[in-house]
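Below, each chain spelled out in residue letters.
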Amino acid sequence: MPFLQKEIWECPFCGKETIEVLVRPATYVAKRSAVRGGRKTSYHKVSAEIVILSESCSNCGKKKEEIEKKWREMKII
C-alpha cells in the first residue's frame, strides 16, 4: 500500500491555508513474472496523485471544482 499524506494547502483564490488534501507521492512498483529462464522482476513508476478532501474553502467559499480547475491551470495538480 502506498504511503498517504494528509496536508493542508492554501486556497489559490484567497491565499489562506484552508484546503485539506490527500497526497500519494510517486513510487516504484515491482512486478514479478515467470519467464522461461526463471523469474523476472520489472519496475514501473506510479505517478503522484492528489485528492482534494475539502468541499469548499472555509474562508472565501470557492467550491472544490473551482479550486481543482485553478490548480490544474497553475499546473500544481
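Just so you know, the residues in each chain are numbered from 1, in the order the chain's sequence is written. Only residues with pLDDT of 70 or above have their local features reported here, since the model is predicted, and side-chain atom pairs are shown and tallied only from 80 upward, although totals for entire chains, interfaces and linings are computed over all residues. Side-chain numbers here rest on the full set of heavy atoms in the structure, without hydrogens or water.

With respect to the state of the cysteines
Whenever a pair of cysteine sulfur atoms sits within 2.5 Å, that pair is classed as a disulfide. Applying the stated criterion across every chain yields a total of zero disulfides. Considering cysteine sulfurs only, Cys60 is the nearest to Cys11, which forms no disulfide, with 3.7 Å between them. By relative accessible area, Cys11 is classed as buried at 1%. Take Cys60: it sits in no disulfide, and the sulfur closest to it among the cysteines is that of Cys57, at 3.6 Å. Categorising residues by exposure relies on relative accessible area from a 1.4 Å probe, with only protein chains included: less than 20% of the type maximum marks a residue as buried, more than 50% marks it as exposed, and the intermediate range marks it as partly exposed.

Topic: the sheet that holds strand S2 (residues 17–24)
Across a sheet, paired strands are connected by hydrogen bonds in the backbone, their directions being either parallel or antiparallel. Taken in spatial order, the three strands make up an open sheet running S1-S2-S5, and their pairing is antiparallel. Strands with a single pairing partner mark the edges of an open sheet, and in this sheet they are strand S1 (5–10) and strand S5 (49–52). Averaged over all neighbouring strand pairs, the angle between strand axes comes to 35°, with direction disregarded. Sheet topology places S2 next to S5; four bridges connect them, and they run antiparallel. In the sheet register, Arg24 faces S5, and the bridge partner there is Glu49. This element, helix H1 (residues 64–73), spans S1, S2 and S5 of the sheet and lies at about 150° to S5. Strand pairing requires that DSSP identify at least two bridges connecting the strands. Strands are runs of DSSP state E lasting at least two residues, helices are runs of H or I lasting at least four, and both sets are numbered from the N terminus onward. Orientation is described by lines fitted to C-alpha atoms, with helices fitted over the stretch in contact, and by angles between N-to-C directions that extend from 0 to 180 degrees. Two residues qualify as a contact provided that any one of their heavy atoms is within 4.5 Å of a heavy atom in the partner residue.

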